Amino acid sequence: MLRAAIVAILVAMLPSIALAQSCSFTVTNMNFGAVDTLSGSAATSTATLNVTCSGSLPLLLPILVCPHLAAGTGGATSAAARQMLSGANSLDYQIYSDPAMSVVWGSYAWAYASRPPPLQLSPSILGNSSGTLTLYGRVPGGQATVPPGTYLSTFSGGHVEFRYRTNLLGSNCDTGLGTLAASPTFTINATIAANCLVTTQNIDFGPKGVLDANVDATGQVTVTCTPSTAYTVSLNGGTTGGTPTNRKMSKGAERVTYGLYKDNARTQPWGDAGTPGSTVAGIGTGAAQPLTVYGRVPPQTTPSAGVYTDTVVVTITY
């Protein structure tokens, strides 16, 4: 009789102890800041998940925390790509559970195989415990066609299922077992600013004996700007500060006059704001846009033999 009574008391106490444990969560926002999509490099950031558990009765069994994260309001296109949105435009990113950014942080409730990292807590004699996890974020390179804007994805409600339980039911987070905590809200955000890059190809007029006829050659300015970014390309007057059709190549004190033009016929000079109408305008697409620079050395008095050079500064205004 005594043994039976003790068993009955133990069974009655176990549900009360389990219900006494309560866990709450907060997650800091993940801000990638200004992302340069033209560089080809990835952008990274982190956020921190904090969990605090308490209980009014002793509960010495370890607590397993499973912080399930679904796609967020930006959605996901694959197991490797969640998205932030700016209007109808999207920017790919992903959240990982490891510093090497090789294990995607997922949820038992979404279509992909990724699951959240389990966090095991060891309560004190009063049932209290706490812990943290780091969320590692990356915006991959190769997204040059994404337009400028402020991009956002919000995690709240059904996108966040933070569950906790004793580890007697297993030590992984492959299922939705456990008590569902109140969902915290946090955001993932990034800004893409208008940006332009420029590369050049030199103009080489080659060897010429007597400057008694036009000598033509071409070079190239290649502009890469974020989509929908308006830009203007100007060419300065070179080291001697000449006009678009009266620049100077030099060898010591000697000069060779030449001009740079926007068209093959050499009728539209290419200069800067000092010569109205002489610049070249365009709209960025995220892809490289090559612009041909047409050069001409007109007939003139031939100076002494040698190599004549000039340096022209290319300026992109956007």
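Bear in mind the structure is a predicted one, so any value in this text is a computation, not a measurement.

Definitions and limits used
Residues numbered from 1 in each chain as written. Predicted model: local features only at pLDDT ≥ 70, side-chain atom pairs only at ≥ 80, totals over all residues. Heavy atoms only, no water. Pairing = 2+ DSSP bridges. Helix = DSSP H or I, 4+ residues; strand = E, 2+ residues; numbered from the N terminus. Axes fitted to C-alpha atoms, helices over the stretch in contact; angles between N-to-C directions. 1 Å grid on protein atoms, 1.4 Å probe; cavity = no way out; pocket = protein on both sides within 12 Å on 5 of 7 lines; lining within 4 Å. Points joined across faces, edges and corners; volume = space filled by probe spheres on them. pLDDT = per-residue confidence, 0-100. Contact = heavy atoms within 4.5 Å. Salt bridge = Lys/Arg side-chain N within 4 Å of Asp/Glu carboxyl O. Core = buried A, V, L, I, M, F, W, Y, C linked by side-chain atoms within 4.5 Å. Buried < 20%, exposed > 50% of the residue type's maximum accessible area, 1.4 Å probe, protein only. Polar contact = N/O pair within 3.5 Å; in protein donor to acceptor, adjacent residues only side chain to side chain. Phe/Tyr/Trp six-rings, centres within 6.5 Å; stacked < 30°, edge-to-face > 60°. Disulfide = S-S within 2.5 Å.

## What to know about the pairing of strand E9 (residues 129–139)
- When strand E3 (residues 43–54) meets E9, the two strands line up antiparallel, connected through 11 bridges. Paired with Asn50 across the bridge in E9 is Thr132.
- Relative to E9, strand E7 (residues 89–96) runs antiparallel, the two being bridged by 3 bridges. Residue pairing across strands places Tyr96 opposite Tyr136, the latter belonging to E9.

## Examining the sheet that holds strand E19 (residues 280–283)
- Here 3 strands make up an open sheet; going across it, the order is E19-E16-E21 and the pairing antiparallel. With one partner strand each, in any of the chains shown, E19 and strand E21 (314–317) form the two edges of the open sheet. The mean angle between the axes of side-by-side strands here comes to 25°, regardless of whether they run parallel or antiparallel.

## Concerning empty space enclosed by the protein
- Taken as a whole, this structure holds 1 cavity of 30 Å³ or more when the rule is applied.
- Taken as a whole, the largest cavity spans an internal volume of roughly 40 Å³.

## A look at the confidence of the model for the chain
- In this model, the chain carries a mean pLDDT of 91, and residues with pLDDT of at least 70 account for 92%.
- Every residue in residues 1–19 scores below 50 in pLDDT, and together they form 4 contacts with partners more than four places removed in sequence or on other chains.

## A short note on the pattern of salt bridges
- A complete count under the given rule lists 4 salt bridges for this structure.
- Linking Arg296 and Asp216 is a salt bridge whose minimum nitrogen-to-oxygen distance equals 2.8 Å. Of the two residues, Arg296 is situated in strand E20 (residues 288–297) and Asp216 in strand E15 (residues 215–225); the sequence distance between them amounts to 80 residues.
- It is possible to trace a salt-bridge network through shared partners that takes in Asp216, Arg266 and Arg296.

## Examining the nonpolar core
- Core analysis: the biggest nonpolar cluster contains 35 residues, and Phe25, Phe32, Leu49, Val51, Met84, Leu135 and Ile188 have the highest contact counts within it.
- If you tally residues by element for this core, the top one is E3, at 5 residues.
- The contacts of Leu135, once residues within four sequence positions are left out, are Val27, Met30, Ser45, Thr46, Ala47, Thr48, Leu49, Leu69, Ile95, Tyr96, Trp105 and Phe186.
- Of all hydrophobic cores here, the second largest spans 22 residues; its members include Cys196, Ala217, Leu291 and Ile316.

## Some words on the side chain of Thr257
- Note that Thr257 resides in strand E18 (residues 254–261).
- Residue classification places Thr257 among the buried positions, given a relative accessible area of 15%.
- A polar contact is formed between the side chain of Thr257 and the side chain of Lys248, at a distance of 2.6 Å.
- Residue contacts for Thr257: discarding those within four places in its chain leaves Thr245, Asn246, Arg247, Lys248, Val297, Pro298 and Gln300.

## Things to note about the packing of aromatic side chains
- Per the stated rule, a full pass over the model turns up 4 aromatic pairs.
- Centre to centre, the rings of Trp110 and Tyr112 are 5.0 Å apart; their planes meet at 85°, and the pair counts as edge-to-face.
- Residue classification places Trp110 among the buried positions, given a relative accessible area of 10%.
- A centroid spacing of 5.0 Å and a plane angle of 5° characterise the contact between Phe155 and Phe186, whose relative ring orientation is stacked. Note that Phe155 is positioned in strand E10 (residues 149–155) and Phe186 in strand E13 (residues 186–192), a separation of 31 residues in sequence.

## Regarding the state of the cysteines
- Within the structure shown, the criterion is met by 3 disulfides.
- Paired through a disulfide, Cys23 and Cys53 show a sulfur-sulfur distance of 2.0 Å. Because the torsion about its S-S bond is 105°, the bridge between Cys23 and Cys53 counts as right-handed. Taken together, the positions of Cys23 in strand E1 (residues 22–27) and Cys53 in strand E3 put the pair 30 residues apart, joining distant regions of the chain. Cys53 shares its class with Cys23; the two are buried.
- One disulfide bridge connects Cys66 with Cys173, the sulfur atoms lying 2.1 Å from each other. On the sign convention where negative means left-handed, the S-S torsion of about -85° between Cys66 and Cys173 marks this disulfide as left-handed. Of this pair, Cys66 sits in strand E4 (residues 63–69) while Cys173 sits in the loop between strand E11 (160–166) and strand E12 (179–180); the two residues are 107 residues apart in sequence, bridging distant segments of the chain.

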